[in-house]
Amino acid sequence: MSHTAPPVPPPAATRGRRELTVAVLLSALSGGLALSASGEPWADVTVVREPPLPPTSEVLTGSQAAPLVAACGLLLLAAAVAVIAVRGVGRVVVGLLVAVAGGVLGWSGLRALTGSLDLGGTDVTSGVGLGQAQVTTDPMATWPAVALVAGVLGVLAGALVVLRGRDWPGMGRRYERTGQPAGATAAPARPARPARPETDEDRHQAAWKALDRGDDPTA
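Within each chain, residues carry numbers counting from 1 in the order of the written sequence. A pLDDT threshold of at least 70 governs which residues receive local features in this predicted model, and a stricter bar of 80 or more applies before side-chain atom pairs are shown or counted, although totals over entire chains, interfaces and linings include all residues. Only hydrogens and water are removed before side-chain values are computed, so all heavy atoms of the structure are retained for them.

## A word on the overall build of the chain
So, step 1. For the purposes of this entry, the term helix denotes a DSSP run of H or I that reaches at least four residues, the term strand denotes a run of E that reaches at least two, and both are numbered from the N terminus. Each helix and strand counted, the chain has 6 helices and 3 strands in total.
So, step 2. Traced from its N-terminal end to its C-terminal end, the chain shows the element sequence α-β-β-α-α-α-β-α-α.
So, step 3. Accessibility here uses a 1.4 Å probe with only protein chains present; expressed as a share of the type maximum, an area under 20% marks a residue as buried, one over 50% as exposed, and anything in between as partly exposed. Residue burial in the chain is summarised as follows: out of 219 residues, 27% are buried.
So, step 4. The criterion used for residue contact is that any of the two residues' heavy atoms lie within 4.5 Å. In the chain, of all internal contacts separated by at least 6 residues, the share reaching a separation of at least 24 is 78%.
So, step 5. All accessibility values rest on the Shrake-Rupley procedure with a 1.4 Å probe; residue burial counts only the protein chains present in the view. Of the roughly 14,200 Å² of accessible surface on the chain, a fraction of 62% belongs to carbon and sulfur atoms.

Here it is in structure tokens:
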């Protein structure tokens, strides 16, 4: 008894699926790292106010110091699903969004590492009398560095989608059968066998079956 070997996908389709998997994993990893970093401390802020007000200190999280980090993380996680669902021009647009989100993440992490955070939009400068206060920022390197790495991964994922995404398969697409040449039509179906003429024996059996069911065979 012979067994038919399963169809082998063409090399181009296999390479496309691998590249798609890499892009999805990079985008999801970048988004997960960004969301993790957004809830962790990024900087210690010390405010020295004019006497008799005492100095204050506060720890800024990533979402406070760089509000776009969390938004970019959510965008990257959504893009990891969208890049599978769309094809063609739509996939290129998703790749551009992923690259932009990665660039924003990388820029935010780099600014935090270099002590260039803009504290104007945080609650640190909203207290009474802080207009003449001295604000000192001591950045923490760990989580801004994580955001920087997430940004690099996002840029790589976006570039891969933009450059190669048009050739990748879409959701639910299956490999074509390789045993049949491209452009060949399917073999025609075999014609159905003609029905056998009904004999007297068949009619007698049908009548008895009708009686068993409680039906009138003469109706």
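Text resumes after the structure shown.
## Describing the packing of helix 3 (residues 68–85) against helix 4 (residues 89–113)
So, step 1. Angles here are taken between N-to-C directions and fall from 0 to 180 degrees, while the axes themselves are lines fitted to C-alpha atoms, restricted in helices to the stretch in contact. Where helix 3 contacts helix 4, the axes come no closer than 9 Å and their chain directions differ by 155°. If you check the angle between helix 3 and helix 4, you find them roughly antiparallel. Relative to helix 4, the crossing made by helix 3 is left-handed. The segment helix 3 lies against helix 4, with Leu-68, Val-69, Cys-72, Leu-75, Leu-76, Ala-79, Ala-82, Val-83 and Ile-84 engaging Arg-91, Val-94, Leu-97, Val-98, Ala-101, Val-104, Leu-105 and Ser-108.
So, step 2. Classifying every residue of the contact of helix 3 with helix 4 by side-chain character gives 15 nonpolar, 1 polar and 1 charged. Angle categories are assigned with fixed cut-offs, so that under 35 degrees is roughly parallel, over 145 is roughly antiparallel, 65 to 115 is roughly perpendicular, and the rest are oblique. Helix crossings are classified by the rotation of the near helix relative to the far one: an anticlockwise turn of less than a right angle makes the crossing left-handed, while a clockwise turn makes it right-handed. Put simply, Ala, Val, Leu, Ile, Met, Phe, Trp, Tyr, Cys and Pro go in the nonpolar bin, Asp, Glu, Lys and Arg in the charged bin, and everything else, Gly too, in the polar bin.

## Side note on the environment of Gly-165
So, step 1. Structurally, Gly-165 can be placed in the loop between helix 5 (142–164) and helix 6 (200–213).
So, step 2. Separated by 149 residues in the primary sequence, Gly-165 and Gly-16 have C-alpha atoms spaced 8.2 Å apart.
So, step 3. What Gly-165 contacts, discounting residues up to four positions off in sequence, is Arg-91 and Leu-160.

## Considerations on the sheet that holds strand 1 (residues 41–48)
So, step 1. At least two DSSP bridges between two strands are required for those strands to pair. The 3 strands lie next to each other as 2-1-3, forming an open sheet whose pairing is antiparallel. The open sheet has two edge strands with one neighbour each: strand 2 (56–61) and strand 3 (134–139). Within the sheet, the average angular offset between the axes of one strand and its neighbour, ignoring direction, is 20°.

## Observations regarding the packing of helix 4 against helix 5
So, step 1. Between helix 4 and helix 5, the least distance of the axes is 7 Å, while the angle of their chain directions is 160°. Classified by the angle between their axes, helix 4 and helix 5 sit roughly antiparallel to one another. Considering only the axes of helix 4 and helix 5, their crossing is left-handed.
So, step 2. Grouping the amino acids of the contact of helix 4 with helix 5 by side-chain chemistry returns 16 nonpolar, 8 polar and 1 charged.

## Points about the confidence of the model for the chain
Detailed reading of predicted coordinates is not advised where the pLDDT is low.
So, step 1. pLDDT gives the predictor's per-residue confidence on a scale running from 0 to 100. Across the chain, the average pLDDT comes to 78, with 71% of residues at or above 70.
So, step 2. Taken together, the stretch residues 173–184 has pLDDT below 50 and engages in 12 contacts with residues farther than four places along the chain or on a different chain.

## What about helix 1 (residues 11–38)?
So, step 1. Take the number of residues in a helix, subtract one, and multiply by 1.5 Å to get its expected span. In a regular helix each residue adds 1.5 Å, so 28 residues correspond to 40 Å; helix 1 covers 41 Å between its end C-alpha atoms and thus fits that length.
So, step 2. Its buried side turned inward, helix 1 meets strand 1, strand 2, helix 2 (62–65), helix 3, helix 4 and helix 5.

## A few points about the pattern of salt bridges
So, step 1. One speaks of a salt bridge when a side-chain nitrogen belonging to Lys or Arg is within 4 Å of a carboxyl oxygen belonging to Asp or Glu. Tallying each qualifying case throughout the model produces 1 salt bridge.
So, step 2. The partner of Arg-164 in a salt bridge is Glu-19, with the nearest N and O atoms 3.2 Å apart. Of the two residues, Arg-164 is situated in helix 5 and Glu-19 in helix 1; the sequence distance between them amounts to 145 residues.
So, step 3. Residue Arg-164 is classed as partly exposed on the basis of its relative accessible area of 30%.
So, step 4. Residue classification places Glu-19 among the buried residues on the basis of a relative accessible area of 17%.

## A few points about the side chain of Ser-38
So, step 1. Here Ser-38 lies in helix 1.
So, step 2. Not counting residues within four places of it along the chain, the set of residues in contact with Ser-38 comprises Thr-61, Gly-62, Ser-63, Val-69 and Ala-70.

## Comments concerning the nonpolar core
So, step 1. Within this scheme, the nonpolar core is defined by two criteria: the residues are buried Ala, Val, Leu, Ile, Met, Phe, Trp, Tyr or Cys, and they are joined through side-chain atoms within 4.5 Å. The biggest cluster of nonpolar side chains holds 30 residues, and the ones touching the most others in it are Trp-42, Val-69, Val-83, Val-98, Leu-105 and Trp-168.
So, step 2. Listed by contribution, the elements that provide at least two residues to this core are helix 1, strand 1, helix 3, helix 4 and helix 5.
So, step 3. Here the element with the most residues in this core is helix 3; it accounts for 6 residues.
So, step 4. The contact partners of Val-98, leaving out residues within four places of it in the chain, are Ser-27, Leu-76, Ala-79, Gly-154, Ala-157 and Gly-158.

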